[in-house]
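Coordinates in review
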Amino acid sequence: MKKSRAHFPTVAPIAYEGPGATRPLAFRHYNPDEVIDGRTMAEHLRFSIAYWHAFRGVGSDPFGPGTIVRPWEQGRDALSVAKTRMDAAFEFFQKIRAPFYCFHDRDIAPEGRTLAESNKNLDALVAHAQDLQQATGVKLLWGTANLFSHPRYMCGAATNPDAHVFAYAAAQVKKALDVTKQLGGENYVFWGGREGYETLLNTDLKREQEHLATFLHLAVDYAKSIGFTGQFLIEPKPKEPTKHQYDFDVASGIAFLRTHGLEKHFKFNIETNHATLAGHSFQHEIEVAAAAGMLGSIDANSGDLLLGWDTDQFNTDVRELTLAMISILRAGGLGSGGFNFDAKLRRPSIDPEDLFHAHIGGMDAYALAFKLARRILADGKFTQFVQERYASYDTGFGREIETGRAGFRQLEKLVLTRLGEPTPRSGRQEYLENLLLSYLHG
Ligand code: XUL
Ligand code: CO
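Because the structure is predicted, anything quoted here is derived from the model rather than measured. (Residues numbered from 1 in each chain as written. Chains lettered and ligands numbered in written order. Predicted model: local features only at pLDDT ≥ 70, side-chain atom pairs only at ≥ 80, totals over all residues. Heavy atoms only, no water.)

1. What to know about helix α6 (residues 163-182)
Relative to the 28 Å expected for 20 residues at 1.5 Å per residue, α6 spans 29 Å between its end C-alpha atoms, a close match to the ideal helical length. Those residues of α6 lying buried are V165, F166, Y168, A169, Q172, V173, K175, A176, L177, V179 and T180. On its buried face, α6 sits against α4 (105-108), α5 (115-136), β7 (139-144), β8 (187-191), α7 (205-226) and β10 (231-235). Capping of α6 at its N-terminal end is provided by D162; its side-chain oxygen lies 2.9 Å from the backbone amide nitrogen of H164. The first or second residue beyond α6 is G184, which carries a positive phi of 70°. (Helix = DSSP H or I, 4+ residues; strand = E, 2+ residues; numbered from the N terminus. Expected span 1.5 Å × (residues − 1). Buried < 20%, exposed > 50% of the residue type's maximum accessible area, 1.4 Å probe, protein only. Contact = heavy atoms within 4.5 Å. Polar contact = N/O pair within 3.5 Å; in protein donor to acceptor, adjacent residues only side chain to side chain.)

Next up, the structure:
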């Protein structure tokens, strides 16, 4: 393949320079080549760049158009611009040392006037992506379909009241699955774009939920028929764009999947900002998914707790990330998932270099959290505290409760004749918070 000109000529590949680094364009904590327990940090963390934010985000908001103008966006026609943009994207993936990327079908190739034309455009860009993946070694963490931007999807895709739109969405996901497989994508994500509703005055909730389940079954069946073995992921979000999104949070997602016999085929892609919009902590959502054996991947970002919408910011809150990492490592990691930076630059951050600062911060914060969480788990102090807190269930009548051998009559008799009143024990929350602080700040 011919060598394309550099799109980020002022930035060299980002190097690890350690915590004492003084240059801003350097890693302080993320050392992709450092081997920990037989695997490099790059292999442990599986960082991924979100094509839609990094290469389609222009800084627009409801009050004004984009502010970000990239030099590679000038060109003769949409297809050649899309190819040059992809060259720039892969140069960025390499320079930022990210082993993976993620995309929606319409991020990488322009929508055509017909589905056939859109598919043709997509094929052209997928061929280009195949060449670039081969040349750089960067891989596809997951693919997905954009079923929410085009006006046809204004009332949802799988949950649209019009079966014609359902059929169009099915055709679009069929193609997205084909290209995800073609590019070796390790997962396929369903974020419920506009799968929800604004008002029950025009909505048949039960029918819409059943349609969504049917759609997911059809996707599973089709994937099987083409031999796509990647992991399917549901990405819950409680609101925005619709008022009531059907995949509200992980708990309602689990209930939905189990109700419709889909639980064997799906895990969860948990996004920090979606967790907090649902009124949960990031760690809570991870724990709920892990408890069900359904932790799949992470959309790494953060919201702004003072704002009630999806701000998709880079997350440098090491405390929050360390707690999340503890839960992830305790669950055995993310398997085929990874940490995908579903995060965008602020509107005034208009320079190409800002993309580097943003991702360096996100990667360093996760890398530091990873190291801290490993240390915390290796020391075992929190684990031991929790084990001791529940120790009464390890033996005697506690064991019988857990193993289903104790009934209400027996327990009543036990309390009346032997146990009497329980002795309260402190939960020691403040002690534990101080212990966490000692790991974070010494
Ligand atoms: C929207 C969101 C999406 C998904 C992919 O809030 O997070 O970008 O991650 O469709
Ligand atoms: Co996301």
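Here the narrative resumes, following the displayed structure.
2. Comments concerning the pairing of strand β5 (residues 47-50)
For a regular strand, the rule is simple: side chains alternate between the two faces of the sheet. Neither face of β5 is left uncovered, since the one carrying F47 and I49 and the one carrying S48 and A50 both have all their residues buried. Taken together, the 3 bridges between β5 and strand β14 (residues 339-341) define a ladder with parallel strand orientation. Bridging across to β14, F47 finds its partner in F339. By the bridge criterion, 3 bridges tie β5 to strand β6 (residues 100-104) in an arrangement that is parallel. Residue A50 lies in a different strand from β6, and its bridge partner there is C102. (Pairing = 2+ DSSP bridges.)

3. Here's the deal with the coordination of the cobalt ion (ligand 2)
Within the protein, the atoms that donate to the cobalt ion (ligand 2) are E235 (OE), E271 (OE), D299 (OD) and D342 (OD), at distances of 1.9 to 2.1 Å. Coordination geometry of the cobalt ion (ligand 2): the 6 donor atoms subtend angles of 80 to 170° at the metal centre, consistent with an arrangement described as octahedral. If you list the donors of the cobalt ion (ligand 2) from N- to C-terminus, the spacing comes out as E-x35-E-x27-D-x42-D. With E235 in strand β10 and E271 in strand β12 (residues 266-271), the pair connects residues that are 36 residues apart, well separated along the chain. (Donors = N, O, S within 2.8 Å, 3.2 Å for Na, K, Ca; no water. Tetrahedral: all angles 85-135°; square planar, octahedral: opposite > 155°, others 65-115°.)

4. Let's talk about the nonpolar core
Counting 108 residues, the largest nonpolar core has F55, F93, I96, Y101, F190, I298 and Y366 as its most contacted members. Among the elements that take part in this core, helix α12 (residues 352-379) stands out by supplying 13 residues, more than any other. Not counting the four nearest positions on each side in its chain, F190 is found in contact with V173, F215, L216, A219, F232, L233, I234, E235 and F266. Core analysis: the next-biggest nonpolar cluster, separate from the first, contains 8 residues, A50, F100, L141 and L233 among them. (Core = buried A, V, L, I, M, F, W, Y, C linked by side-chain atoms within 4.5 Å.)

5. Notes on a nonpolar patch on the surface
Residues V386, Y390, Y393, F397, I401, V415 and L419 make up a contiguous nonpolar surface patch of about 570 Å² in total accessible area. Of all the secondary structure elements, the ones that give two or more residues to the nonpolar patch are α14 (396-402) and α15 (408-419). Its location among the elements puts F397 in helix α14. Judged by its relative accessible area of 32%, F397 falls in the partly exposed class. (Patch = residues over 30% accessible without salt bridge, like charges linked within 9 Å, V, L, I, M, F, W, Y side chains within 5 Å. Areas by Shrake-Rupley, 256 points an atom, 1.4 Å probe, with all protein chains shown as cover. Salt bridge = Lys/Arg side-chain N within 4 Å of Asp/Glu carboxyl O.)

6. Section: the site of ligand 1
The environment of ligand 1 is made up of W52, H104, W142, W191, E235, K237, E271, H274, D299, D310 and D342. K237 is positioned with one of its side-chain polar atoms (N or O) 2.9 Å from an oxygen atom of ligand 1. The contact in question runs from an oxygen atom of ligand 1 to an N or O atom on the side chain of D342, over 2.8 Å. Within the complex, the protein chains bury 94% of what would otherwise be the 290 Å² of accessible surface of ligand 1. Taken together, the residues that form the shell around ligand 1 break down as 3 nonpolar, 2 polar and 6 charged. (Near = heavy atom within 4 Å. Nonpolar A, V, L, I, M, F, W, Y, C, P; charged D, E, K, R; others polar.)

7. So, the pairing of strand β13 (residues 295-299)
Here β13 lies mainly inside the structure; 5 of its 5 residues are buried. Taken together, the 4 bridges between β12 and β13 define a ladder with parallel strand orientation. In the sheet register, I270 faces β13, and the bridge partner there is I298. Sheet topology note: the β13/β14 ladder contains 2 bridges and is parallel. Each residue of the ladder has a partner; that of I298, found in β14, is F339. With helix α11 (residues 318-330) bridging β13 and its parallel neighbour β14, the resulting β-α-β unit is right-handed. (Right-handed = clockwise from strand over helix to strand, strands pointing away.)

8. Remarks on the side chain of H280
Counting through the fold element by element, H280 comes out in the loop between α9 (272-277) and α10 (282-291). Here the side chain of H280 touches D249 through a polar contact of 2.8 Å, side chain to side chain. Ignoring sequence-local partners within four residues, the contact set of H280 consists of D249, A275 and E285.

9. A closer look at helix α8 (residues 250-259)
For α8, the full list of buried residues reads V250, G253, I254, F256 and L257. Around the axis of α8, the buried residues are gathered within 165° of arc, so they sit on the same side. The inward-facing, buried residues of α8 contact α7, β10, β12 and α10. G261 occupies a position one or two residues after α8 and carries a positive phi of about 65°. (Arc of directions from axis to C-beta.)

10. Quick word on the packing of aromatic side chains
For the structure on display, the rule yields 30 aromatic pairs. Between the aromatic rings of F93 and Y101, the centroid separation amounts to 5.2 Å while the plane-to-plane angle is 25°, which identifies the pairing as stacked. Classification of Y101 as buried rests on a relative accessible area of 0%. Taken together, the aromatic side chains of F8, Y51, F55, W72, F90, F92, F93, Y101, F103 and F356 make up a single cluster linked through ring pairs. The ring of Y168 has R152 sitting right over it, with the charged end atom 3.9 Å from the ring centre. (Phe/Tyr/Trp six-rings, centres within 6.5 Å; stacked < 30°, edge-to-face > 60°. Lys NZ or Arg CZ within 6 Å of the ring centre and 35° of its normal.)

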